[in-house]
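# Examination of the molecular architecture
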Amino acid sequence: MRSYLGLILQYERVHRKNNRISVLCIMLSVCLVMAIFSMADMAMRSQTNYFIKTGGEYHAALHDVEEDKAELVSARVDVALSGWVYQGSTGMLSGKTVSFVGVDEKTMESLTEMEMTDGVYPSLPDEALLNESAMEQLGLSIGDSITVTVPDGSQKQYRITGTLADMGSMLKADIYGMALSEDGFLAIADENAADGTTYRIQFKDGAHIQEAIKEIKGQFGLSDSQISENTALLGLMGQSESNIMQALYLIAAILVFLVLIAGTVMISASFNTNVLERTQFYGLLRCLGASRKQVKHFVILQGLRQSAKGVPIGLLAGQIVTWAACLLLRSISGDRFSEVPLFEFSIVGILAGGVVGFLIVLLASLSPAKKASRVSPVTAISGGSQLTQNKRAANTKLFHVETGMGVFHALSGKKNLFLMTCSFAISIMLFLSFQVMIVFLDQGMPALAPWAGDVSVTAATGLEPSVIEEIAEMEGVKRAFGRMEYSGLSVSSDTESGTAALVSYEESQFKWAEEELNEGNTESVQGGTGDVLVTYRDGMQWKAGDTVTLHTPLGEKQVRIAGILSSTNASSEAGSLGYIICSEQLFTESIGMAGYTAVDIQLAGSGSDETVSAIRSLLPPDSSIADKRLSNSESQNSYYTGAVFIYGFLLIIALITVFNIFNSMNASVAARTRQYGVMRSIGMGAGQLYKMIAAEAVTYAVLGCVTGCVLGLPLNKMMFRFLIAGKWGISWQLPAVSLLLIVVLCFGSAALAIRRPNKKIGKLSIVDTIKLQQ
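Residues numbered from 1 in each chain as written. Predicted model: local features only at pLDDT ≥ 70, side-chain atom pairs only at ≥ 80, totals over all residues. Heavy atoms only, no water.

### Observations regarding the overall build of the protein chain
Scanning the protein chain from N- to C-terminus turns up 27 helices and 22 strands. Here the protein chain, with 774 residues, has 52% of them falling under the buried criterion. Counting contacts in the protein chain only where the partners sit at least 6 residues apart, residues at least 24 apart contribute 80% of the total. Counting every atom, the protein chain has about 34,500 Å² of accessible surface; 57% of that belongs to carbon and sulfur. (Helix = DSSP H or I, 4+ residues; strand = E, 2+ residues; numbered from the N terminus. Buried < 20%, exposed > 50% of the residue type's maximum accessible area, 1.4 Å probe, protein only. Contact = heavy atoms within 4.5 Å. Areas by Shrake-Rupley, 256 points an atom, 1.4 Å probe, with all protein chains shown as cover.)

Below, the structure written as structure tokens:
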């Protein structure tokens, strides 16, 4: 052995068990960081693919701009691809509305959500693509010719050259879709095309998109309404300036910070307890002539050697966890989660895990190294295990001796107390933070609400209740419920006036409305004629208990606001004051209509095309049926992808919390093994010793949980206000279930953590306990 640093290898061979615990601690910290970053990266890739598939891979769109300006924009060095997308004009095909779109093939493939599934793209003005549902319903094939009523009312014949994939928005609106060449669209375009036509832009990788958008606006004198961004896609790229995305960026930064702190605390706690265990060894090094600087180097190098083993294992474990989460989603449904990447590596996750592993180990070892270098050789050789002298005695006035000494042990080591408290507190803060993300995910997915319909029917003249009953009794239908809706109703009050949409609810919808209630109640609204519900909106001045006047076709009617809902399932257009929900009796007395203008139908399972066709056959000719199955499925895909990853984060946090508490408590007890032996030699019984260790663990748990609640609940409330309260008007409530769950987990982990050291000390004789070397 040429250097004193060679003792590191020898020491690790003798104390393999302690070394394995340290390596495992580093491995789990790296696994935590890498898994969370990698899973977040995979989730973002999946969502990016989803939004590209459903909205197109464009970053910005210009509205109402001239051809020459568009050409100058396309010539910019930071623009990768651009093209015109002509929309807005509609016609009729076999009695149903058909929406025209004009675009060249390259633009369609890259900048729109449209996908050609078969055939060739139209090149002539009289050629077209038709969506799959239209082809099936009309019994058409590629090569057939169809006659379409174009916007000016004339008839025009087109030859079908290929098929378009059905889109959720198209089926939801119950329309056909027809794609034409640019010349073909311009030949039939009417005045509505000006509003629907956009010039879409895709910027190159690495471009500062927000700066580019500002430059384009300034250079060509465009107003804010003439240029828009693809918010969802830019948000996932981290380049959106929308308020909701800015709030999400802030929340993400807080979560990243907490995850990094959790890894740092875990490794620091391990290193700190290792120094406590090896006090005598460092004293021996000092007696053999090692300087303080050499002891520091020894501790730091020892930590780096352990990280060299723990970091690769942690990266591998984190990658396996990420792949397992992705495989879980794909195994649930390969079609539903087709956008989830499989067996891909996340550079962000690998770098985060590696940097955290080595950098935090280096930083975490500096303080223990300084502490080890201050060990007194005389104290260490004499068997002392305390690095500092305690100036205060245990408090035995408030507690029994063993309980007081346990509390004293916990409070005497400030560094160890700080790290143990942080271990509990960070876990609680992380848990409460991710709990808000779950609420945000639930609230932001109306397709998962209990009132969400698979098929929606609208009828201007209204549907009789007997028709709805007949639909509800059909095979394949789970439930059918209707609403009477009246848009443009004039409403006035002492605080604000405007227009609103009056909507009637029946029994089932009032029951579901209770889950959307922000304040007030729904009981007085059902079956009554004087109370209503209103939906939340930005800048709302109404509150529960206010009186408003409805200026109805049958005269003025004063009603009282009984409650405020966060959202509604109405299909009509809301007025400036949103929606007003009432009973069917009040609606009939106010408007005079008796038929249902909107009906939502929930199918059994995923439903079938035969069931939808059967429903269509029962409806009058002027009815419109919207098939929401595809759009609901797309929303559910997005929800379940996010849910699996968020719950995966919570599971990882819980597992790390349990192990960290186990490791810290075991190390803390092991560091004081000699002291416990001395206490037993002067008369302390095994039961008293157990109580003392339990008191120490409870002290850590109480302080950690109190700190976690004091810091975590305001953080939870702040995140709730940013993400949820401002958008849906929901008031923050104490997350009692989540809080109770994580607190019970912390106390349960602390209780289980002391069983092993208690059992180990109980088996040792007093002499062996005093002589025990760690």
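Having seen it, we continue.
### Quick notes on unusual backbone geometry
Positive phi, close to 55°, is recorded for Asp64, a residue that is not glycine. Mapped onto the elements of the fold, Asp64 is located in the loop between β1 (60–63) and α3 (67–74). Positive phi outside glycine occurs at Ser94, with the angle close to 55°. Summarising the element assignment, Ser94 is placed in the loop between β3 (90–93) and β4 (96–102). When its relative accessible area of 57% is taken as the criterion, Ser94 is described as exposed.

### So, the pairing of β4
The element β4 is extensively covered by neighbouring structure, given that 5 of its 7 residues are classed as buried. The sheet contact formed by β3 and β4 spans 4 bridges and is antiparallel. Paired with Thr90 across the strands is Ser99, a residue of β4. The hairpin formed by β3 and β4 contains 2 residues between the paired strands, and Ser94 there has a positive phi angle of roughly 55°. Sheet topology places β4 next to strand β9 (residues 176–180); 5 bridges connect them, and they run parallel. By the bridge assignment for β9, Gly102 is matched with Leu180. (Pairing = 2+ DSSP bridges.)

### A few points about the pattern of salt bridges
For the structure shown, the criterion picks out 15 salt bridges. Here Lys543 ties to Asp546 by a salt bridge, and the two come within 3.6 Å at their closest N and O atoms. Assessed through its relative accessible area of 48%, Lys543 is described here as partly exposed. You can call Asp546 buried: its relative accessible area is 17%. In this structure, Arg629 and Asp627 form a salt bridge, with 2.7 Å as the shortest nitrogen-oxygen distance. Via salt bridges that share partners, Arg76, Asp78 and Glu215 belong to a single interconnected network. (Salt bridge = Lys/Arg side-chain N within 4 Å of Asp/Glu carboxyl O.)

### Focus: helix α21 (residues 609–618)
If you check which residues of α21 are buried, you get Thr611, Val612 and Ile615. For α21, the arc enclosing every buried residue in end-on projection is 100°, short of the 170-degree limit, so these residues lie on one face. When the buried face of α21 is taken as reference, the exposed residues oriented beyond 90 degrees from it are Glu610 and Ser617. (Arc of directions from axis to C-beta.)

### Notes on the nonpolar core
One finds Phe424, Leu430, Phe434, Phe645, Met665 and Ile724 to be the most contacted residues of the largest nonpolar core, which totals 84 residues. Looking at this core element by element, the count peaks at 16 residues for helix α24 (residues 686–728). (Core = buried A, V, L, I, M, F, W, Y, C linked by side-chain atoms within 4.5 Å.)

### Description of the sheet that holds strand β22 (residues 623–627)
Taking strand neighbours across the sheet as the criterion, the 4 strands line up as β13-β21-β12-β22 in an open arrangement whose pairing is antiparallel. Each end of this open sheet is capped by a strand with a single partner; those strands are β13 (477–483) and β22. Taking the axes of each pair of neighbouring strands and ignoring which way they run, one obtains an average angle of 15° across the sheet. For strand β12 (residues 455–463) and β22, the ladder comprises 5 bridges, and the chain directions are antiparallel. When the bridges of β22 are listed, Thr458 appears paired with Ser624. The sheet strands contacting helix α18 (residues 465–472) are β12, β13 and β21 (596–603), and the helix crosses β13 at an angle near 165°. (Axes fitted to C-alpha atoms, helices over the stretch in contact; angles between N-to-C directions.)

### A short note on the side chain of Ser590
Relative to the helices and strands, Ser590 is located in helix α20 (residues 584–591). If we skip the residues at most four places from it in the chain, Ser590 touches Leu502, Thr552, Pro553, Leu554 and Lys557.

### A look at α20
Looking only at α20, the buried set comprises Leu586, Phe587, Ser590 and Ile591. An end-on view of α20 places all buried positions within 105° of arc, on one side of the element. Each element contacted by the buried residues of α20 is listed here: β14 (485–493), β15 (498–505), β17 (531–535), β18 (547–552), β19 (555–565) and β20 (579–583). Positive phi appears at Gly592, one or two residues downstream of α20, with a value of about 95°.

### Some details on a negative patch on the surface
A cluster of acidic residues, Glu115, Asp118, Glu132, Glu136 and Glu610, forms a negative patch on the protein surface. For Glu115, a relative accessible area of 46% puts it in the partly exposed group. (Patch = residues over 30% accessible without salt bridge, like charges linked within 9 Å, V, L, I, M, F, W, Y side chains within 5 Å. Lys, Arg positive; Asp, Glu negative; His and termini not counted. Charge placed at Lys NZ, Arg CZ, Asp CG, Glu CD.)

### Quick word on the confidence of the model for the protein chain
Mean pLDDT over the protein chain stands at 80; residues scoring 70 or higher make up 84%. Here residues 383–388 scores under 50 on pLDDT; set against residues more than four positions off or in separate chains, the count is 16 contacts. (pLDDT = per-residue confidence, 0-100.)

### Regarding a positive patch on the surface
Taken together, the side chains of Arg292, Lys296, Lys370 and Arg374 present a region of like positive charge at the surface. With respect to the secondary-structure elements, Arg292 resides in helix α13 (residues 292–332).

### Section: the sheet that holds strand β2 (residues 79–85)
Taken together, the 4 strands give an open sheet; going across it, the order is β2-β10-β1-β11, and neighbouring strands pair in antiparallel fashion. Each edge of the open sheet is held by one strand with a lone partner, namely β2 and β11 (227–229). The sheet shows a mean angle of 20° between the axes of neighbouring strands, taken without regard to direction. Pairing of β1 with β11, which is carried by 3 bridges, proceeds in the antiparallel orientation. Along β11, the bridge assignment pairs Ala61 with Ser228. Sheet contacts for α3: β1, β2 and β10 (198–203); angle to β2, the most-contacted strand, approximately 155°. Contacts between helix α9 (residues 209–220) and the sheet are confined to β1, β10 and β11, with β11 contributing the most and set at about 170° to the helix.

### Structural notes on the packing of aromatic side chains
Across all of its chains, the model carries 7 aromatic pairs by this definition. Look at Trp323 and Phe343: their rings are 5.5 Å apart centre to centre, the planes differ by 70°, and that puts the pair in the edge-to-face class. In this pair, Trp323 is assigned in helix α13 and Phe343 in the loop between α13 and α14 (347–373), connecting sequence segments 20 residues apart. Taken together, a centroid distance of 5.2 Å and an interplanar angle of 65° make the contact between Trp323 and Phe345 edge-to-face. Of this pair, Trp323 sits in helix α13 while Phe345 sits in the loop between α13 and α14, and the two are 22 residues apart along the sequence. Judged by relative accessible area, which is 22%, Trp323 ranks as partly exposed. Taking NZ or CZ as reference, Lys156 lies 5.7 Å from the ring centre of Tyr158, over its face. Just above the ring of Trp542 sits the side chain of Arg537; from NZ or CZ to the centre is 5.3 Å. (Phe/Tyr/Trp six-rings, centres within 6.5 Å; stacked < 30°, edge-to-face > 60°. Lys NZ or Arg CZ within 6 Å of the ring centre and 35° of its normal.)

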